[in-house]
Amino acid sequence: MSKLRKAKSRQVRVAGRAISPWWLALGAVGLAIFLGVQAGGGVRGPDAPEGIDLALVAAGEQLYTASCAACHGADLRGTPTGPPFLNVIYAPNHHGDEAFQQAAALGVTPHHWEFGPMPPVAGLTRDEVSKIVAFVRSEQQFAGIVRDPSHP
Ligand code: HEC
């Protein structure tokens, strides 16, 4: 068999065109990588929070937007009237979930910032504040805020 015929005999015909098996193999590898990424491997990166209840967080986001965003910011980065929650001092080990319940129910005497006091937020149940906390915690996790290292 001549060299030319040998090469030709290894080709595969796809849609009437001769294609080298190497291209098919490359395509298969590309497809596998693509499907792997679609399946969730690496779309969000290694630090994507786990165990987040999306329905709870979505409900919390609505309540937060209505009751807290005016001062703490729609993006949780604060406003001229309230501090940002995307700050390590509001990590769960420094301001636990109960701090949010207390803040909403009783207001806050200023002690960390120069914004002045936070007035109590009327009309929220504990359950609703828990939803707000779920939203704030998930945003904190996405921002990498999980622990205040300067706090026990
Ligand atoms: C009128 C503005 C305003 C609104 C509305 C508001 N806050 Fe605040 N909040 C503040 C200010 C100002 C502080 C900072 C007090 C300080 O200096 O520590 C604060 C602090 C807090 C703290 C920290 C408490 C602590 O122990 O240090 C929490 C938690 C909090 N707010 C939760 C909420 C939640 C939840 C809502 C919505 C239900 C909300 N805030 C709505 C102004 C506001």
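Residues numbered from 1 in each chain as written. Predicted model: local features only at pLDDT ≥ 70, side-chain atom pairs only at ≥ 80, totals over all residues.

A. Region of the structure containing the overall build of the protein. On a plain count of helices and strands, the protein comes out with 6 helices and 2 strands. Each helix and strand of the protein, ordered N terminal to C terminal, gives the series α-β-β-α-α-α-α-α. The burial tally for the protein puts 15% of its 152 residues in the buried class. Partitioning the contacts of the protein with sequence separation of at least 6, the portion at a separation of at least 24 is 59%. (Helix = DSSP H or I, 4+ residues; strand = E, 2+ residues; numbered from the N terminus. Buried ≥ 20, exposed ≤ 12 C-beta atoms within 10 Å, placed from the backbone. Contact = placed C-beta atoms within 7 Å.)

B. Expanded view of the environment of Leu-86. Among the structural elements, Leu-86 can be located in the loop between helix H4 (69-72) and helix H5 (97-106). Accessibility expressed as a C-beta count within 10 Å gives 19 for Leu-86, which makes it partly exposed. Separated by 51 residues in the primary sequence, Leu-86 and Arg-137 have C-alpha atoms spaced 9.3 Å apart. Every residue in contact with Leu-86, bar those within four places of it in the chain, is listed here: Leu-76, Arg-77, Glu-139, Gln-140, Ala-143 and Ile-145.

C. Examining the site of the ligand more closely. In the vicinity of the ligand, 25 residues are found, and the nearest of them are Cys-68, Cys-71, Pro-110, Phe-115 and Met-118. When residues of the shell around the ligand are traced back to their parent elements, those giving at least two are H4 and H5. The biggest single contributor to the shell around the ligand is H5, with 4 residues. Residue composition of the shell around the ligand, grouped by class: 17 nonpolar, 8 polar and no charged. (Near = placed C-beta within 6 Å. Nonpolar A, V, L, I, M, F, W, Y, C, P; charged D, E, K, R; others polar.)

D. Layout of the packing of H5 against helix H6 (residues 126-142). Two elements in contact, H5 and H6, have axes whose closest approach is 10 Å; the angle formed by their N-to-C orientations is 125 degrees. If you check the angle between H5 and H6, you find them oblique. Note that H5 runs across H6; the crossing there is right-handed. Here H5 contributes Asp-97, Phe-100, Gln-101 and Ala-104 to the contact with H6, which in turn contributes Arg-126, Val-129, Ile-132 and Val-133. (Axes fitted to C-alpha atoms, helices over the stretch in contact; angles between N-to-C directions. Parallel < 35°, antiparallel > 145°, perpendicular 65-115°, else oblique. Left-handed = near helix turned anticlockwise from the far one by under 90°.)

E. Molecular detail of the environment of Pro-152. Among the secondary structure elements, Pro-152 is positioned in the segment after H6. Sequence spacing of Pro-152 and Asn-93 is 59 residues, and the spatial spacing of their C-alpha atoms is 7.3 Å.

F. Up close: the environment of Gln-62. Note that Gln-62 resides in helix H3 (residues 54-67). As for Gln-62 and Lys-131, which are separated by 69 residues in sequence, their C-alpha atoms are 9.3 Å apart.

G. Molecular detail of the nonpolar core. Formed by 13 residues in total, the largest nonpolar core has its most connected members in Tyr-64, Phe-85, Val-129, Ile-132, Val-133, Phe-135 and Val-136. With 6 residues, H6 is the single largest residue contributor to this core. Not counting residues within four places of it along the chain, the set of residues in contact with Val-129 comprises Phe-100, Gln-101, Ala-104 and Leu-124. (Core = buried A, V, L, I, M, F, W, Y, C linked by C-beta atoms within 7 Å.)

H. Spotlight on H6. Taking 1.5 Å per residue, 17 residues should reach 24 Å; H6 reaches 24 Å between its end C-alpha atoms and fits that length. For H6, the complete set of buried residues consists of Val-129, Lys-131, Ile-132, Val-133, Ala-134, Phe-135, Val-136, Arg-137, Ser-138, Glu-139 and Gln-140. On the buried face of H6, the contacting elements are H3 and H5. Of the residues trailing H6, Gly-144 is marked for its positive phi of about 80 degrees. (Expected span 1.5 Å × (residues − 1).)

None of the figures reported here should be taken as evidence of function without further support.
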